[in-house]
Structure formats: C-alpha cells, structure tokens
Protein chains: 2
Amino acid sequence: MTTARFESIRGLPLFAEMTEESFDTLTRGAFVQNFPPNMVMISEGEVADFLHIVQSGCVELFSTWSNRETSVATLYENSTFILAATMKNRLNLMSARTLQKSRIIMIPSENVREVFATDPNFALAIVDELSRCYRATIRNMKNLKLRTSLERLANYILKQHHRQGDLLEYQLPVEKRRLASYLGMTPENLSRAFNKLKPHGVVVSGQNICITDLTALVDFAKPDLLID
Amino acid sequence: MTTARFESIRGLPLFAEMTEESFDTLTRGAFVQNFPPNMVMISEGEVADFLHIVQSGCVELFSTWSNRETSVATLYENSTFILAATMKNRLNLMSARTLQKSRIIMIPSENVREVFATDPNFALAIVDELSRCYRATIRNMKNLKLRTSLERLANYILKQHHRQGDLLEYQLPVEKRRLASYLGMTPENLSRAFNKLKPHGVVVSGQNICITDLTALVDFAKPDLLID
DNA sequence: AGGCTGTCTTGATATTTATCAATCAAATGT
DNA sequence: ACATTTGATTGATAAATATCAAGACAGCCT
C-alpha cells in the first residue's frame, strides 16, 4: 500500500476517526522529508502549501521583526504545525527550524481542505486541533501579560516537572537561550532568574533542574488552571 | 417566523452559507439579552454554554491572575466570542464585560456543535472564524514579544488610522487605561509614551489623535504585514 | 590532548517600565 | 450649576529588564 509510510500518524487524534478512503485521499501526494539540525524549513510570509507533522526529531517555531527574534514554541514527535494557515490558504505567520535531525511529514494543503469538506470526522478533528492550539496561544499570552519573567520561569519549571512524570529532578528539554526567548527574556536575565529562584526551592546546574522545595515553589509560582 | 430576531446575524460570514434548516436548528433556544454598561457577562473558568455575538454595543475580553488584570480584546458589532471554548465544551479562558449598553445574542453551544456536524458550509465557516481568531492572537503575541511598548503604541495608532478610513485625525475608540492594558503597559507609561511619539509625528489631546507626520510615524513604527 | 566554537554566567551599567503620590481634567449625578 | 467621582497627567523614585563586556565552561573536531 502506498500509504504505508504514513501509518505512524494514522493513530493521531487528527487522523484516527477518518475513513480509510479519506486517509488515502489525504496522503496522496504527501511525502516524508529528512532535515538536518538547525535548518529553516519554513519562513514566515510564505504561503502554507503543506500541513507539517513532526514524525521524529524536534522543531522550533519562531518569529522575527526588525532584527529581533522570538521563540514561540518547541514541537516534538507527532505535533502538527501551520494548520491555521493551511486551512485558510494564507501566509505563515511564523518560521520553523529543526533543532535536531528530524523527519517531517508534509501533506498538501489542498488535500487537507478537500478531505475536510467530505469527511465530517476529519472536520471535527481539525476543529479540535485548531481550538487546542488557539487556546494554548491565549494561555501563552496571559502568561506573558500577567506575570513577570521570574514568575513565568517558576511556572515553566513546575510545568516541566509535571510533564516529566512529577520527578523532582529532571533535565531541561531545550537550550537555555531558547528557553529565555520562549519566556520573553534575555539569556542573561534567565541566568539570574534561576538564581533568584533558589530561595523558592529550585537548584540549577547545567541542564539539570532540581526542585528542593516543591511547596515553596508552588507558593511562589501560583500555577493556574487557566494559564498553565 | 420565530427566528426573525436573529435576521441581523444571518448575513455574517459565520452564518451566511448555511441552509435555512440549519439556521433554524442553530437558533432554536437561542436568545437576545440586554446588558447595562460595565457588566461582567462571563467569568473565566466557567463552562462555555453559549456562543456569544455582539449585536450592538461593545464588549471587552479580559483576564485576571493574582490581583492583576489585562485587556485582551475589545469587540464591536457582529463579533463572536468564546467560539473555541464552545466547540470543545471547555472552560472559558477569558472573562467578558460590556463597556456600553449592549445587546448580545446567545446561541446554545450544543446547537453549534450539532449543526457543525450536519452542515458542511457551517463547518467551513467555523473553521474560518477559528483560524482568523487564532491567527489574530499569534499576531498579538508577536507584537508583545518583539516590540517595546512605544513601538506597540505607534503601530496601534497607525492601525486605527487605517481602520478609520486613513484619516490623519481621529478619536480613540477606547479609554486610555484600557488601551494601556491592551498594549501591556500602565496608564502612566501610556501617557508618557504619547509624549515620546510627538517627535515621530503624533499629537494627542484627550481622545483626539492627530498624525502630523505620517512618514515619520511609519518610519518609526515599521508596521509589518505579519504582525499588524 | 589541544584548540576551537558556541553557550552560559557574572559584573557593571543603561534603559525600560512600574509604582506611589499629587494634581488636574473631564464626566456624572442631583 | 455644583459637588462628586473617575480617569488622565506629571513628577519622583524604585524595580525589572536589557545591554555590553569579560570570563568560565562544555562539547566537538582533528
């Protein structure tokens, strides 16, 4: 079967409920591409010809303006990106680069729009994914506008702690300078912020994060269901 | 016909292409509600039972955390809100209050989801609206992360200028303290920022904005297709 | 191992932004 | 029209954050 290479994504929420026929139509003309690390795959301002899915590796979404750059998100296995631009056939608002050697599945935007119109289950899945990403972005904006950089860092540490199985000690999944950019601060400021969190129960050494006083950290970070 | 009161929204992009039958189903159980100014209609954390549409008046979306508040958007006639939470039957991430006396159309979330599943044209319109709002939020975030508050203000003034028919002189559509909150700054800082823009061709007096040197302002603001 | 490169950290300083307090101006109610 | 309230401005100061420069450290190459 020609779609065998796309079996890895068949089970994702976005594709799980659609018919075989729809999946075939969708993946006709789709392909897998290998990228080396640190390669810009998409530049903001280009037309979104393909829906992208990270099959393996790791991708950073970022944006630039007037010589400045900011990291918007880091995506891992099974994440989709540029769905909104794909659906509306618009320009990408963000750029994307690989952080590691990565395999990316690319599905022609036309196919996505075509199957959307014919398969109600796929349509529903698209809306779920869109809503999820939209809401994530709103949370992100609240985080930026309502919290200081120190508070953002504290909550980031808590969220990673939770993602990594509630371990009190874990490794940062990204470089610090990217984390700084993601949190809306400079690397220097991030470095100092880590130190300022020591009294709130966080000890950092290299990529290693150790939460020495979870209660104190939670108390300072005040994580919130509607932001984090 | 029982849906006569909803004729005002029938022509909106979100509802224009759907069948009569779908529109009837959608508006069954829907109603119009009048709110006085400064009334909180929705509090973040509540379940999104209704899709809201501003029929007349003006609504502010805002969020709070730990004694702080930030303005996320100001909506006028024909705007919909909480669409994402409605589609996924989730908690609202934002609160909403009227800024003026307003008429709001409220459509039960269940109806929206029901018709979404049966009317492909409505499904398409929903995705369009979701994508539009999502992309607007990404632009907003880029604006916040890539620009200083002075640059954000300069671009805001340019955008309003454009919205108000390219007039060089116009009235601010919102109170300054709300504008400050929307732009992610304090009222004091906004006040000073207006003064700092004088050398860049902006004169402010009360609600009145006068662009005395459009070239200079554009030169400073560097408006961008992918942000503004 | 040695050298190279890029990231991270630290210190000194400048800029941006917030806070607090006081005054001023404008809108509102009676 | 007056008093009252709310929002806007201004000044003085503090806090947060960025910038610049230097040094420390780690990973990588040959």
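Predicted model only: the values in this text are computed from it and were never measured.

### So, the protein's contact with DNA strand D
Surveying the vicinity of DNA strand D reveals 15 residues, the closest of which are A:S149, B:K176, B:R177, B:R192 and B:N195. Sugar and phosphate atoms constitute 65% of the interface atoms of DNA strand D, taking the interface as everything within 4 Å of the protein. A:S149 is positioned such that a nitrogen or oxygen atom in its side chain is 2.8 Å from a phosphate oxygen of DNA strand D. One of the side-chain nitrogen or oxygen atoms of B:K176 is found 2.7 Å away from a phosphate oxygen of DNA strand D. Contributions of two or more residues to the surface near DNA strand D are made by α9 (187–196) of chain A together with α8 (176–182) and α9 (187–196) of chain B. The greatest single-element share of the surface near DNA strand D, amounting to 4 residues, is contributed by α9(B). Taken together, the residues that form the surface near DNA strand D break down as 1 nonpolar, 7 polar and 7 charged.

### A closer look at the relation of the copies chain A and chain B
Note on the identical chains: chain A maps onto chain B by a rotation of 180 degrees and an axial translation of 0.0 Å, with an RMSD of 0.0 Å. Such a turn and shift between the copies fits a two-fold axis. For chain A, the minimum C-alpha distance to the rotation axis belongs to A:Y134 and amounts to 2.5 Å.

### So, a negative patch on the surface
A grouping of A:E46, A:D49, A:E110 and A:E114 is seen on the molecular surface, where their side chains present a negatively charged patch. Residue classification places A:E114 among the partly exposed positions, given a relative accessible area of 44%.

Rules used throughout
Residues numbered from 1 in each chain as written. Chains lettered and ligands numbered in written order. Predicted model: local features only at pLDDT ≥ 70, side-chain atom pairs only at ≥ 80, totals over all residues. Heavy atoms only, no water. Near = heavy atom within 4 Å. Polar contact = N/O pair within 3.5 Å; in protein donor to acceptor, adjacent residues only side chain to side chain. Helix = DSSP H or I, 4+ residues; strand = E, 2+ residues; numbered from the N terminus. Nonpolar A, V, L, I, M, F, W, Y, C, P; charged D, E, K, R; others polar. Least-squares fit on C-alpha atoms with pLDDT ≥ 70 in both. Patch = residues over 30% accessible without salt bridge, like charges linked within 9 Å, V, L, I, M, F, W, Y side chains within 5 Å. Areas by Shrake-Rupley, 256 points an atom, 1.4 Å probe, with all protein chains shown as cover. Salt bridge = Lys/Arg side-chain N within 4 Å of Asp/Glu carboxyl O. Lys, Arg positive; Asp, Glu negative; His and termini not counted. Charge placed at Lys NZ, Arg CZ, Asp CG, Glu CD. Buried < 20%, exposed > 50% of the residue type's maximum accessible area, 1.4 Å probe, protein only.

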